[in-house]
Every structure is written in structure tokens, then in C-alpha cells.
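# Residue-level structure breakdown
The primary structure of each chain is shown beneath.
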Amino acid sequence: MQNRKSYYVALFGIMLATIFAAMTLDRALSIVIPIGIAWFCLTVTLSFAFMKDKWWIAVFAGLSFGLASLVTAPMGGKYVFLDPRISVLTRVISMTFAYFVYKFVSFLGRDADNRKTAQYVALSLGAFFGVCANTATVLPALVLWGGKDSVVALFESIAVINFIPELVIATLAVPPIVLGVRKAMHFGIDGKSDKFAEA
């Protein structure tokens, strides 16, 4: 039991640190590229959300993404993300939604002959809809709570320039990352095994 607690504390520490690093990289890039991007952070967060077959890990991944967004907001001049309703709440909702899309597609493919392909499809669709959910929650939050300046910036930075690369990168990168980590950590093809935690 103590091993399991230590394992999850370490897992959450690594998750938080990795998501913060990815967000910092995105913020640094947004200084060079004059748009708000989350290319790396979305990919890393979604990968953590799907790594194990546990919904609360997806919630924690979303929370970590939100906290990283909140803390690093001044770095790229994204002060509107200092509001936790915009930075944190939207990310918890979108990552939880992404996880349940993944679970639903996994359920539909449960009897597939090739489990790896079924998982690849489920992870791709989970990532795809996770990015869509992130945009679909952040945009209304910016309109509701961000003020006039953020609404103008929103339409300048979003559209094709921001959303499409996030969608493509996450949809293509998340499945091989998750399947690779699951294999290395002995989580099983579907992330249901706890062998590593019990070792």
C-alpha cells in the first residue's frame, strides 16, 4: 500500500514538472511566434491523461495544465490566464472530456482483433476531441471573463494559425507516446495494469 502511495506521488510530481516544462516551452515560443500556442503542453497533458486507465489521472493532468497556464501566464503576456476560471477550470473539463471520449472509443473497439490498432484509434480520437474541447471551453471563458481585449486577441490568435497545428500535433503524437510509455512502464496495452506500482 505504501509503495502504491509513493508511486502515485512520484507519478504526479513527474506529471506536474513535465507539464510545467512543456507550458514554459510553449510560452517561450509564443514570444517568438506572436500567437498563443499550446502545442507541446496539450500533447504532453493528453499523453498523461491517457497513460493509465483512471479518470482521476486525467483530471489531475487537466489541473496540472491549468496551474501551469496560470503560473506562466505573465511570461508570454497572457495576463487573462491569471483568472483560474479561464486557465484551470477549462483544462480540467477538457482533459476529463478527452478521457471519456477515449474510454468510449476503447469500449467500442474492445472486441477488435488487433488491440494495439484499436488503442491507437481510441487515443487518436481522444486527443483530437481533447484539443477541440480545450478550444471549445477556453474561447467561451475568454468571452465571458476575459474582457474586451482578450476577445479581440482571441480571434487574432486562434482560427487556423493556432487550432489546426495543436489538433494535428496532438492527434499524431499522443498515441505513439502513450503506447510507448505503457509498454516501458508495464501498464499493458490498454493502461489497466498496475504491475509497475506493485513492483
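About the cut-offs
- Residues numbered from 1 in each chain as written.
- Predicted model: local features only at pLDDT ≥ 70, side-chain atom pairs only at ≥ 80, totals over all residues.
- Heavy atoms only, no water.
- Helix = DSSP H or I, 4+ residues; strand = E, 2+ residues; numbered from the N terminus.
- Polar contact = N/O pair within 3.5 Å; in protein donor to acceptor, adjacent residues only side chain to side chain.
- Buried < 20%, exposed > 50% of the residue type's maximum accessible area, 1.4 Å probe, protein only.
- Contact = heavy atoms within 4.5 Å.
- Patch = residues over 30% accessible without salt bridge, like charges linked within 9 Å, V, L, I, M, F, W, Y side chains within 5 Å.
- Areas by Shrake-Rupley, 256 points an atom, 1.4 Å probe, with all protein chains shown as cover.
- Salt bridge = Lys/Arg side-chain N within 4 Å of Asp/Glu carboxyl O.
- Core = buried A, V, L, I, M, F, W, Y, C linked by side-chain atoms within 4.5 Å.
- Axes fitted to C-alpha atoms, helices over the stretch in contact; angles between N-to-C directions.
- Parallel < 35°, antiparallel > 145°, perpendicular 65-115°, else oblique.
- Left-handed = near helix turned anticlockwise from the far one by under 90°.
- Nonpolar A, V, L, I, M, F, W, Y, C, P; charged D, E, K, R; others polar.
- Phe/Tyr/Trp six-rings, centres within 6.5 Å; stacked < 30°, edge-to-face > 60°.
- Lys NZ or Arg CZ within 6 Å of the ring centre and 35° of its normal.

Mapped onto the elements, Arg91 comes out in helix α4 (residues 84–108). In terms of polar contacts, Arg91 uses its side chain to reach the side chain of Ser69, at 3.0 Å.

All right, on to the environment of Phe48 then. Among the structural elements, Phe48 can be located in helix α2 (residues 39–51). Under the relative-accessibility criterion, Phe48 is labelled buried at 10%. Taking the C-alpha atoms as reference points, Phe48 and Phe12, separated by 36 residues in sequence, lie 9.6 Å from one another. Beyond its immediate stretch of four places on either side in the chain, Phe48 contacts Ile14, Met15, Thr18, Ile19, Ile57 and Ala61.

A cluster of nonpolar side chains, Leu89, Ile93, Leu144 and Trp145, forms an exposed patch at the surface whose accessible area comes to about 390 Å². Residue assignment for the nonpolar patch shows that the elements contributing at least two residues are α4 and α5 (115–145). Looking at the element boundaries, Leu144 is found in helix α5. The exposed category is assigned to Leu144, whose relative accessible area is 61%.

Okay, the nonpolar core next. Counting 37 residues, the largest nonpolar core has Met15, Ile19, Leu46, Phe50, Phe65 and Val174 as its most contacted members. If you list the elements that add at least two residues to this core, you get α1 (2–32), α2, α3 (55–72), α4, α5 and α7 (159–184). With eight residues, α1 is the largest single contributor of residues to this core. Residues in contact with Met15, not counting those within four places in the same chain, are Phe48, Ile57, Phe60, Ala61 and Ser64. Residues Phe81, Ile86, Ala141 and Leu142 belong to the second largest nonpolar core, which totals six residues.

Following both chains from N to C, one finds α2 and α5 inclined at 125°, their axes separated by 10 Å at the closest point. Here α2 lies oblique to α5, going by the angle between them. The hand of the α2/α5 crossing is right-handed. Of the residues in α5, those touching α2 at Leu42, Leu46 and Phe50 are Leu123, Gly126, Ala127, Gly130, Val131 and Asn134. Class assignment of the residues belonging to the contact of α2 with α5 gives a composition of six nonpolar, three polar and no charged.

Each pair of aromatic rings is reported with the distance of its centres and the angle of its planes. Evaluation of the coordinates by the stated rule reveals nine aromatic pairs. Relative to Phe60, the ring of Phe12 has its centre 4.3 Å away and its plane inclined at 35°; by these criteria the two rings are tilted. Residue Phe12 is found in helix α1, and its partner Phe60 is found in helix α3; the two are separated by 48 residues along the sequence. Grouped by ring-pair contacts, the aromatic residues Tyr7, Tyr8, Phe12, Trp56 and Phe60 constitute a single cluster. Taking NZ or CZ as reference, Arg91 lies 4.3 Å from the ring centre of Phe65, over its face. One cation-aromatic arrangement involves Arg110 over Phe107; the distance from NZ or CZ to the ring centre is 3.9 Å.

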